[in-house]
Structure formats: structure tokens, C-alpha cells
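Chain by chain, the residues run as shown.
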Amino acid sequence: RAKQQGRNNYQFYSPEMNTTAREQLELETDLRKALTKDELLLYYQPQVDINTGEIIGLEALLRWQHPQIGVIPPNQFIPLAEETGLICPIGEWVIRTACEQHQAWYAAGLPLMRIAVNLSARQFQQRDLVKTIVQILQETQTQPCYLELEITESIAMQDVEFTVAVLQELRQMGIQIAMDDFGTGYSSLNSIKHFPPHTLKIDQSFVRDLLIDPSDAAIARAVIALGQGLHLKVLAEGVETVEQLEFLRTLGCQSAQGYLFSKPLPPVAITQLLREKTIPIQLESSTRPKEGQSAVA
Ligand code: C2E
Ligand code: MG
Ligand code: MG
Ligand code: MG
């Protein structure tokens, strides 16, 4: 068992790991406890208008504050949460917490900001997803237009008719839908035909080498053209340098998210950014911000 190797060797579940059923059950228990013991928290990353630097939304990103080892990123526990079904109560907690935070910022006199929440494909198999979301919106007095759900192309792998109906219902309520990691799935074009989103998020893997890899540049250009043709908003993920930003702007991309503007931050730090409303873009420097540091002083 990974834990018995001592704190510093603590290993996390990953699908590649050859864990026994018992080990997996222990990890599951840990994660279940994490929810009840208040060890989960949300960081938020600003999404900005590419031309003005104005904050247009915030993406909620899950973290696990482990009492011994500190903050654990989602890639190290979400696969297990999905496999065990724990993603459903966790996902519900994420939506509720994001809406509560939205209300808290509003109550503090800050500008109303749309909050994007990541939904796992597994959550769409819950028959009462819409009911749960309606209830959370009511309880937290959040207007549906301030909630954005980020889905991925993988939802196309399941009961398509049911998923289409759920998304249709969510759209009709006024909830925004974004297609996350766009272009990395198996049926990108098919998925936006069946599950039309409001926004396409260009995956960061296409943004990273935008200036050195002609195929990445071609893909980014095509996604932006696709967005224009289908009247969808396009947001570039993982923007780290001014050069990437300038290039995306030239291609006609409207919005961006990435370390260039800000890393995902705890709510208290976001409060400060929301007071300023805009993240100034440093045109002179293109170096990556260091850990914990953002483009904002
Ligand atoms: P994602 O939704 O595509 O989120 C973007 C990820 O890229 C985040 O990683 C973010 O911290 C990171 N990122 C943002 N800007 C930059 C940049 O400029 N450079 C680089 N290298 N990375 C950047 P994070 O927070 O570790 O989340 C990873 C993934 O975990 C997310 O990818 C999402 O798929 C999943 N996730 C996060 N929170 C939730 C959640 O509440 N529910 C579900 N189901 N999945 C979640
Ligand atoms: Mg996302
Ligand atoms: Mg993404
Ligand atoms: Mg991702």
C-alpha cells in the first residue's frame, strides 16, 4: 500500500497503476472522507477578453487539500472518482460551492462573473443531474446564465439521445455550455454537431507550440474558423506567452485563459482580481510566470 511507504513516497491512484481491489477500496475510502472532512476546495482561474484583458469568467478547478501532503491536483484523483462513481457527489459539491462563491462575491459588491464548472461524462449518466442543478441554483439564488458547464467530447461515448436531451434542457434554462479540450477527442466535429456548445475551448496542447509547430497553428486557425462559422465563442486554453496571445488575436480568437494572465488561485486572491476587473497584459515580457506567481503584481 503506497501510504505505508511513508509520507514522502505517497503514491496516488492512476489508471496505469496495478492496484489490488483492496488498495483501491482504501483509496476510495480516503476520497470519500475527503468530501466529508472538508478537504476539497476550489481554485479559480480567470478567463479574459483577448483584446481588453477584461475578466469575462472564472473556471473552477478542484483541489484536494490533504492533511499530510498538501494540495493535490485533480488529475491525481479524478480518474478514481470517476471509476468509483464518487465523481457524482464530488461534482455536486463543486457546482454548489462554485454557486455559493458566486453569490458571496456578488454580496461583497463585486461584478457578477460567470463561473465555469467541469463536468465529468459520468455525471451525465445521473438521471437527476438537471434536477440537482436546478435545486442548487435555487438554493444559492444563482441565475442560470452565470453557470457554465464544461463538457468534453467523451460524452459522445454514452447514451447519445439521453445526453442530447439533458444538454437541451440545460441550454433552455440559460446555462452556458463549453466544449473543453476541443480537438483532443475521437469525434470532435461529430460531438459539436450533436452537442452544440456556446463556446469551444481550444485545448492547451495546440496552444503550447503554436509558434513553432505549423500543424498546431493550422488546427488553432481551423477551430477559430469553425467557431466563427457556427457562431460559437472560442477560448484558447493554456496561454503562457505574449507571443501566443498575439498570434491567437491575429487569428481572431476572442478569449483566453492561462498562466500569462493568472494561475488558478484561491477565492481570496480572485477577490482582489475582481476588484480590478481587468488583467493588464505585459507586452514586454514573454517569460513564464513562476509557480504561484501570475502576470498580475
Ligand atoms: P481542464 O478543465 O482542461 O483545466 C485546465 C487545466 O490546465 C487546469 O489544470 C489548469 O490549472 C491548467 N492550466 C491553466 N492555464 C495553464 C497554462 O497556462 N499552462 C499550463 N501548463 N496549464 C494551465 P488542473 O487544475 O490541474 O485540472 C486538470 C483537469 O482536471 C481539468 O482540465 C479538468 O479536466 C479536471 N478537473 C478539474 N476540476 C474538476 C472538477 O471539478 N470536476 C471534474 N470532473 N474535472 C475537473
Ligand atoms: Mg475545463
Ligand atoms: Mg481544458
Ligand atoms: Mg483537460
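Calculation notes
Residues numbered from 1 in each chain as written. Chains lettered and ligands numbered in written order. Predicted model: local features only at pLDDT ≥ 70, side-chain atom pairs only at ≥ 80, totals over all residues. Heavy atoms only, no water. Donors = N, O, S within 2.8 Å, 3.2 Å for Na, K, Ca; no water. Helix = DSSP H or I, 4+ residues; strand = E, 2+ residues; numbered from the N terminus. Buried < 20%, exposed > 50% of the residue type's maximum accessible area, 1.4 Å probe, protein only. Salt bridge = Lys/Arg side-chain N within 4 Å of Asp/Glu carboxyl O. Phe/Tyr/Trp six-rings, centres within 6.5 Å; stacked < 30°, edge-to-face > 60°. Lys NZ or Arg CZ within 6 Å of the ring centre and 35° of its normal. Contact = heavy atoms within 4.5 Å. Near = heavy atom within 4 Å. Polar contact = N/O pair within 3.5 Å; in protein donor to acceptor, adjacent residues only side chain to side chain. Areas by Shrake-Rupley, 256 points an atom, 1.4 Å probe, with all protein chains shown as cover. Nonpolar A, V, L, I, M, F, W, Y, C, P; charged D, E, K, R; others polar. Pairing = 2+ DSSP bridges. Axes fitted to C-alpha atoms, helices over the stretch in contact; angles between N-to-C directions. Parallel < 35°, antiparallel > 145°, perpendicular 65-115°, else oblique. Left-handed = near helix turned anticlockwise from the far one by under 90°.

The protein chain has the name EAL domain-containing protein in an unreviewed UniProt entry, where Trichocoleus desertorum GB2-A4 is given as its organism.

Engineer: Any details on the coordination of the magnesium ion (ligand 2)? Residues and values, ideally.
Structural biologist: Geometry sets the ideal angles at a metal, namely 109.5 degrees for four tetrahedral donors and 90 or 180 degrees for six octahedral donors. Within the first shell, the magnesium ion (ligand 2) binds the protein through Glu 59 (OE), Asn 118 (OD1), Glu 150 (OE) and Asp 180 (OD), at distances of 2.0 to 2.2 Å. Metal-to-metal, the separation of the magnesium ion (ligand 2) and the magnesium ion (ligand 3) is 4.1 Å; Asp 180 coordinates the two. With Glu 59 in strand 2 (residues 55-66) and Asp 180 in strand 6 (residues 176-182), the pair connects residues that are 121 residues apart, well separated along the chain. For Glu 59, a relative accessible area of 3% gives the class buried. Given the relative accessible area of 6%, Asp 180 is considered buried.

Engineer: Pulling in residues and values, what's your account of the pattern of salt bridges?
Structural biologist: This structure, assessed with the given rule, holds nine salt bridges. We note a salt bridge from Glu 39 to Lys 37, for which the minimum N-O separation is 3.4 Å. In this structure, Arg 96 engages Glu 92 in a salt bridge whose closest nitrogen and oxygen atoms are separated by 3.7 Å. Taken as a pair, Arg 96 and Glu 92 lie in helix 3 (residues 87-107) at a separation of four residues, close to a single helical turn. By relative accessible area, Arg 96 is classed as partly exposed at 24%. Note on Glu 92: relative accessible area 30%, which makes it partly exposed. Among the charged side chains, a salt-bridge network with shared partners connects Glu 59, Glu 150, Lys 201 and Glu 237.

Engineer: Would you mind going over the packing of aromatic side chains in detail, with residue names and values included?
Structural biologist: By convention here, two paired aromatic rings are described through the distance between centres and the angle between planes. Counting across every chain of the model gives two aromatic pairs. Plain terms: the ring middles of Tyr 44 and Trp 105 are 5.2 Å apart, the flat faces sit at 75° to each other, and that makes the pair edge-to-face. Pair noted here: Tyr 44 is in strand 1 (residues 40-49) and Trp 105 is in helix 3, with a separation of 61 residues, a long-range link. Residue classification places Tyr 44 among the buried positions, given a relative accessible area of 1%. Relative to Phe 77, the ring of Trp 64 has its centre 5.6 Å away and its plane inclined at 80°; by these criteria the two rings are edge-to-face. Pair noted here: Trp 64 is in strand 2 and Phe 77 is in the loop between strand 3 (70-72) and helix 2 (78-84), with a separation of 13 residues, a long-range link. Over the aromatic face of Phe 162 sits the side chain of Arg 127, whose NZ or CZ is 3.7 Å from the ring centroid.

Engineer: Break down the environment of Leu 200 for me, with residues and values.
Structural biologist: Locating Leu 200 in the fold gives a position in strand 7 (residues 199-202). Judged by relative accessible area, Leu 200 falls into the buried class, the value being 0%. Along the sequence, Leu 200 and Ala 222 sit 22 residues apart, while their C-alpha atoms lie 12 Å from each other. Excluding residues within four positions of it along the chain, Leu 200 makes contact with Met 179, Phe 182, Ile 192, Val 223, Leu 226, Gly 227, Leu 232, Lys 233, Val 234 and Leu 235.

Engineer: Can you break down the site of ligand 1 residue by residue, with the values?
Structural biologist: In the region of ligand 1, 23 residues are neighbours, and Arg 63, Asn 118, Asp 180, Glu 240 and Tyr 259 sit closest. Between an oxygen atom of ligand 1 and a side-chain N or O atom of Glu 59, the distance comes to 3.0 Å. The side chain of Glu 240 places a nitrogen or oxygen atom 2.5 Å from a nitrogen atom of ligand 1. For ligand 1, whose unbound accessible area comes to 810 Å², protein coverage reaches 84%. If you list the elements that add at least two residues to the shell around ligand 1, you get strand 2, helix 3 and strand 6. For the shell around ligand 1, the per-class residue count stands at nine nonpolar, seven polar and seven charged.

Engineer: Can you explain the pairing of strand 1? Please cite residues and give values.
Structural biologist: Burial of strand 1 is extensive: eight of the ten residues sit out of reach of the surface. Alignment of strand 1 against strand 2, held across nine bridges, turns out to be antiparallel. Residue pairing across strands places Gln 47 opposite Gly 57, the latter belonging to strand 2. In this structure, the hairpin formed by strand 1 and strand 2 is closed by a connection of five residues, where Gly 53 is found at a positive phi of approximately 80°. With two bridges connecting them, strand 1 and strand 9 (residues 255-256) associate as antiparallel partners.

Engineer: Tell me about the pairing of strand 8 (residues 233-236), and name the residues and values.
Structural biologist: Where strand 7 lies against strand 8, four bridges are found, and the strand directions are parallel. Bridge pairing in strand 8 links Lys 201 to Leu 235. Of the pairings in the sheet, the one linking strand 8 to strand 9 comprises two bridges and is parallel in character. Looking across to strand 9, one finds that Leu 235 is bridged to Ser 255.

Engineer: Can you lay out the packing of helix 4 (residues 129-139) against helix 5 (residues 160-173) for me, pointing to particular residues and giving the numbers?
Structural biologist: Contact pair helix 4 / helix 5: the axes reach a minimum separation of 10 Å and the direction vectors enclose 20°. By the angle between their directions, the pair helix 4 and helix 5 is classed as roughly parallel. As for how helix 4 packs across helix 5, the hand of that crossing is right-handed. From helix 4, Leu 129, Val 130, Ile 133, Val 134 and Leu 137 reach across to helix 5, where they touch Val 166, Glu 169, Leu 170 and Met 173. Each residue belonging to the contact of helix 4 with helix 5 can be placed in one class, and the counts come to eight nonpolar, no polar and one charged.

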